[in-house]
Each structure stands twice: as structure tokens, then as C-alpha cells.
Amino acid sequence: MTVQPPEPSPRPAPSGELRASHDDREAVVEQLRDAAAEGRIDFDELDSRLEQALKSKTHAELAVLTADLPKPNSSESRPPLVLKGGVYGASRGPGRWEVPGHVVAHGGVGGVKVDFTRVECRLAEVAVEAYGETSGVTIVIPDAWAADISGMDPGVGGLTDTTTPDRLPGTPLIRLTGSGGSGGVVIRHPNRRERRKLHSNPTQG
């Protein structure tokens with residue numbers, strides 16, 4: 001019996017020839033709109049580039065449309081998000097919001113809640129400093145995310161961690177540091193009420 005040589009494996013396509021996803025096209029659309037708002041391109045050129053962006057099928061076709069524009073700041077380079085509870089408290093989420101690489105939450109006398117359940121975050125890690133102070137800090141993360149609380153000082157108010165260690169590939173790790181203060185810090189997955197809202201309106205922005 002004649003043994004046929006194995007067929008050669010297909011070579012991976014160069015990065016520019018890779019097929020673009022809806023998210024890739026949307027990112028270019030947002031960059032073009034920002035460039036027009038900053039006066040870098042006029043609105044006629046914006047319309048032309050937007051039309052090409054929506055028709056683009058590869059990364060190379062998208063790259064041409066932004067080659068003469070400055071690259072947008074990455075999430076890692078954004079300044080830290082600082083939330084201070086104050087008298088009335090403060091929160092971020094559960095709508096979609098830009099997640100920087102560093103979040104600082106001061107519970108103050110009103111408390112702070114940071115809700116990551118609706119965000120799209122491509123960072124490998126997000127550093128969260130939480131200081132419970134008087135009224136505490138609550139952090140809510142999706143079921144697919146995990147948290148590292150080894151750098152956290154529970155303080156008088158304590159640290160409550162009810163998250164699971166099950167982390168899906170490609171999701172961020174929340175690296176939690178800070179102090180519980182007198183109000184304490186809680187990190188958890190969504191509760192029943194929050195899950196009902198997520199399921200009833202999954203596209204809420």
C-alpha cells in the first residue's frame with residue numbers, strides 16, 4: 001500500500017489579511033468620529049471613511065482609514081478612575097463604561113459601588129484600590145471574572161469576597177488592594193435583583 005505524504009498545513013494569513021470583526025469595525029468608526037470632532041478630518045471625509053469602514057473585510061483595509069491619525073489612548077494609559085463617596089455616595093455602572101487599568105474607590109460617608117457587569121474590557125488585569133472608610137465599597141464583577149484579594153487589608157469593617165475562582169480565558173483579573181476601614185469592602189458577583197435586570201435588558205447601555 002502506498003502511503004500518501006501528509007498535506008501541508010495551511011499557513012496563517014498575515015495579520016493585515018485577517019478578517020475584521022464587528023468590534024474591529026466599530027472601533028475604527030469611533031476613532032474616525034473622534035478625529036472629526038477634533039478637526040483632524042472634515043465631515044465629507046468622515047462620511048467617506050465611515051462608509052469604507054463599514055464595508056471593510058480585513059484589518060489591512062481598516063488600517064488604511066486611520067493610518068494618518070494618532071493612535072487612540074489604550075485603556076492601560078488612561079488616568080485612574082477615582083470615585084469618592086462624599087455625602088451622597090458615588091457609583092460607576094451598571095451601564096457600559098470605559099474601564100481604565102486602575103480604579104480607586106473611597107467609600108467616604110456615602111459609600112461607593114463599582115459595577116463591572118456590563119463592561120467590555122480587554123485588559124488582562126484591572127487594579128482596584130478600595131478604601132471602605134465610613135460607609136464601605138461594593139465591587140460587582142461578572143461571573144466569568146475572578147479576583148485576587150491577597151493584597152487587601154480587611155481593616156475593622158472587614159472584607160467579604162463571595163466571588164468564585166472560575167475565570168474564563170480572555171477575561172480580566174481584578175487585583176484588589178486597599179483597606180476595609182470601618183465600613184468594609186465587598187466584592188461579589190451579581191445578586192438576584194441585578195441578574196433579573198441583566199436578563200430583562202441585556203443590551204442596556
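As a reminder, the structure under discussion sits directly above these lines.
Residues numbered from 1 in each chain as written. Predicted model: local features only at pLDDT ≥ 70, side-chain atom pairs only at ≥ 80, totals over all residues. Heavy atoms only, no water.

Peer 1: Go over helix 3 (residues 59–66) with me, naming the residues and quoting the values.
Peer 2: Along helix 3, the positions that sit buried rather than exposed are Leu-62, Leu-65 and Thr-66. Buried residues of helix 3 fall within an arc of 90° about the axis and therefore sit on the same side. In this structure, the buried side of helix 3 is in contact with helix 1 (22–37) and helix 2 (43–55). (Buried < 20%, exposed > 50% of the residue type's maximum accessible area, 1.4 Å probe, protein only. Helix = DSSP H or I, 4+ residues; strand = E, 2+ residues; numbered from the N terminus. Arc of directions from axis to C-beta. Contact = heavy atoms within 4.5 Å.)

Peer 1: So what about the pairing of strand 4 (residues 112–115)? Which residues, and what values?
Peer 2: Looking at chain direction, strand 2 (residues 90–92) and strand 4 are connected through three bridges and run parallel. Note that in strand 4 the partner of Ser-91 across the bridge is Lys-113. Examined bridge by bridge, strand 4 and strand 6 (residues 137–140) share four bridges and lie parallel to one another. Among the inter-strand pairings, Val-112 is bridged to a residue of strand 6, identified as Val-137. (Pairing = 2+ DSSP bridges.)

Peer 1: Summarise a positive patch on the surface; cite the residues concerned and give the values.
Peer 2: Judged by side-chain charge, Arg-192, Arg-193, Arg-196 and Lys-197 come together as a positively charged surface patch. Note on placement: Arg-192 falls in helix 4 (residues 192–200). (Patch = residues over 30% accessible without salt bridge, like charges linked within 9 Å, V, L, I, M, F, W, Y side chains within 5 Å. Areas by Shrake-Rupley, 256 points an atom, 1.4 Å probe, with all protein chains shown as cover. Salt bridge = Lys/Arg side-chain N within 4 Å of Asp/Glu carboxyl O. Lys, Arg positive; Asp, Glu negative; His and termini not counted. Charge placed at Lys NZ, Arg CZ, Asp CG, Glu CD.)

Peer 1: Describe in detail the sheet that holds strand 10 (residues 185–188), supporting the description with residues and values.
Peer 2: Strand order in the open sheet formed by five strands is 2-4-6-10-8, and the pairing between neighbours is parallel. Either end of the sheet is taken by a strand with one partner, and the two such strands are strand 2 and strand 8 (159–161). When strand polarity is set aside, the average angle formed by the axes of neighbouring strands in this sheet is 5°. (Axes fitted to C-alpha atoms, helices over the stretch in contact; angles between N-to-C directions.)

Peer 1: Break down the nonpolar core for me, with residues and values.
Peer 2: Ranked by internal contacts, the top residues of the largest apolar core, which has 24 residues, are Phe-116, Val-126, Val-128, Ile-139, Ile-174 and Leu-176. Breaking this core down by element, the ones donating at least two residues are strand 1 (81–84), strand 3 (102–106), strand 4, strand 5 (125–131), strand 6, strand 9 (173–179) and strand 10. If you look at the next biggest cluster of nonpolar residues, it comprises 13 residues, including Ala-36, Ile-41, Leu-46 and Ala-53. (Core = buried A, V, L, I, M, F, W, Y, C linked by side-chain atoms within 4.5 Å.)

Peer 1: Help me get a handle on the packing of helix 1 against helix 2, residues and values and all.
Peer 2: Across the interface, helix 1 lies against helix 2 with an axial gap of 10 Å and an inter-helix angle of 175°. The angle between helix 1 and helix 2 falls in the class roughly antiparallel. Mapping the contact onto sequence places Arg-25, Val-28, Val-29, Leu-32, Arg-33 and Ala-36 in helix 1 and Phe-43, Leu-46, Arg-49, Leu-50, Ala-53 and Leu-54 in helix 2. By residue class, the composition of the contact of helix 1 with helix 2 is nine nonpolar, no polar and three charged. (Parallel < 35°, antiparallel > 145°, perpendicular 65-115°, else oblique. Nonpolar A, V, L, I, M, F, W, Y, C, P; charged D, E, K, R; others polar.)

Peer 1: I'd love a proper account of the sheet that holds strand 3, names of residues and values included.
Peer 2: Reading across from one edge, 1-3-5-9-7 is the order of the five strands in this open sheet, with parallel pairing throughout. If you trace the sheet from one side to the other, it starts and ends with strand 1 and strand 7 (146–153), each paired once. In this sheet, adjacent strand axes meet at a mean angle of 15° when their direction is disregarded. By the bridge criterion, six bridges tie strand 7 to strand 9 in an arrangement that is parallel. In the strand pairing of strand 9, Gly-151 is matched with Thr-177.

Peer 1: Residues and numbers for helix 2, please.
Peer 2: Between its first and last C-alpha atoms helix 2 spans 18 Å; for 13 residues at 1.5 Å apiece the expected length is 18 Å, and the two agree. Turning to helix 2, its buried residues number three or more, namely Leu-46, Arg-49, Leu-50 and Ala-53. Projection of helix 2 onto a plane perpendicular to its axis shows the buried side chains occupying an angular sector of 105°, all on one side. For helix 2, the exposed residues lying more than 90 degrees away from the buried face are Asp-44 and Lys-55. (Expected span 1.5 Å × (residues − 1).)

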